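Results of the structural survey
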Amino acid sequence: MYVDSHCHLTFDELHGRIDAVRADMAAAGVDRALCICTTLEEFDKVHELAQHHDNFWCTVGVHPDNEGVTEPDVATLTTLAARPRVVGIGETGLDYYRLNGRSVAEMAWQRERFAVHIRAARATGLPLVVHTRSASADTLAVLRDEGQGQVRGVFHCFTETREVALAALEMGFYISFSGILTFKNAQDLRDVAAEVPLDRCLIETDSPYLAPVPYRGKTNSPAYVPHVAAALAAVKGLPVETLAQVTSRNFEALFSGVLATATRERE
Ligand SMILES: [Zn+2]
Ligand SMILES: [Zn+2]
């Protein structure tokens, strides 16, 4: 059974057909998914998915790309994070890919927003879901300064270099691979994946974006995460069943709130 550790089921492409998405997941052996929050405005919708489906969980956070939305503060994040089935803080991080004519210095607001999420992760003890694009040095620097070695989490949809992977691993973070791992031109990324210890690997779709081969360019869905697993299994020289098992166990280890809810529901 597979876990999709990062998806956006509240986005228009998927939200209107959740029942079909869930049926496809079941047919593909994908038994759990983590629904990622990208704005405070969106939180209720994301949380509702996790509340209504016993194999969905969610996070709370504001994506670095989102401007003109409610700015999070530590108190708001920690309050929302205390709701049932919220198991992580994010997605958060830094993204200098679309500077739109601004300098990196002018992106101080993004670094401050990231710092707020890190403080919330420290306050709650929840793992951080980190997004980084064209900003790896600053992402690591802010994590070190604000995290003080006291936060754990995952670098999601990893596309960075070996050095960045090693720095993230050194800080105790997991590395999550997406459908990009299946792309023909992603040999560099497969080389990095070969070096990430198996017990720190996660898999994700980041749906509705980044559909893996053979669905590249189409709307992605959690049901496609086995293709990511197969690509990572090939890199590691392992049967895909083993890869599925290990990444599911890693998901439980990092987002231990997932297990906690399962235990509570059994009692
Ligand atoms: Zn992201
Ligand atoms: Zn995402």
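Everything here concerns the structure above.
Residues numbered from 1 in each chain as written. Chains lettered and ligands numbered in written order. Predicted model: local features only at pLDDT ≥ 70, side-chain atom pairs only at ≥ 80, totals over all residues. Heavy atoms only, no water.

Broken down by element type, the protein chain carries eleven helices and eight strands. For 267 residues, the compact-globule estimate of 2.2 N^0.38 gives 18 Å, and the C-alpha radius of gyration of the protein chain, at 17 Å, lies within 12% of that figure. When the backbone C-alpha atoms are referred to their principal axes, the protein chain occupies close to 45 × 45 × 30 Å. The long-range share in the protein chain, meaning contacts at least 24 apart out of those at least 6 apart in sequence, stands at 72%. Surface summary for the protein chain: the accessible area is close to 11,200 Å², and the carbon and sulfur share equals 50%. Taken as two groups, the 25 positive and 35 negative side-chain charges of the protein chain have centres that lie 3 Å from each other. (Helix = DSSP H or I, 4+ residues; strand = E, 2+ residues; numbered from the N terminus. Rg over C-alpha atoms; globule rule 2.2 N^0.38 Å. Contact = heavy atoms within 4.5 Å. Areas by Shrake-Rupley, 256 points an atom, 1.4 Å probe, with all protein chains shown as cover. Lys, Arg positive; Asp, Glu negative; His and termini not counted. Charge placed at Lys NZ, Arg CZ, Asp CG, Glu CD.)

Summarising burial for strand 3 (residues 56-60): five of the five residues are buried, a large majority. Residues F56, C58 and V60 line one face of strand 3 and the alternating positions W57 and T59 line the opposite face, and both faces are buried. Where strand 2 (residues 30-35) meets strand 3, three bridges bridge the pair, whose relative direction is parallel. Bridge pairing in strand 3 links A33 to F56. Taken together, the three bridges between strand 3 and strand 4 (residues 86-95) define a ladder with parallel strand orientation. (Buried < 20%, exposed > 50% of the residue type's maximum accessible area, 1.4 Å probe, protein only. Pairing = 2+ DSSP bridges.)

On to the packing of aromatic side chains. A complete count under the given rule lists five aromatic pairs for this structure. Their ring planes at 90 degrees and their centres at 5.5 Å tell us that F155 and F173 sit as a pair that is edge-to-face. Pair noted here: F155 is in strand 6 (residues 153-155) and F173 is in the loop between helix 7 (162-170) and strand 7 (174-177), with a separation of 18 residues, a long-range link. Ring geometry for F158 versus F177: centroids 6.5 Å apart, planes at 75 degrees, classification edge-to-face. Of the two residues, F158 is situated in the loop between strand 6 and helix 7 and F177 in strand 7; the sequence distance between them amounts to 19 residues. Like F158, the residue F177 is buried in the burial classification. (Phe/Tyr/Trp six-rings, centres within 6.5 Å; stacked < 30°, edge-to-face > 60°.)

As for its position among the elements, V225 is in helix 9 (residues 225-236). A sequence separation of 13 residues divides V225 from P212, and the C-alpha atoms of the two residues are 8.0 Å apart.

As a further point, take helix 7. Taken residue by residue, helix 7 has V164, A165, A167, A168 and L169 as its buried positions. Looking at the packing, one finds that the buried side of helix 7 touches helix 6 (136-147), strand 6, strand 7 and helix 8 (187-195).

All we've got here are geometric facts, nothing functional implied.
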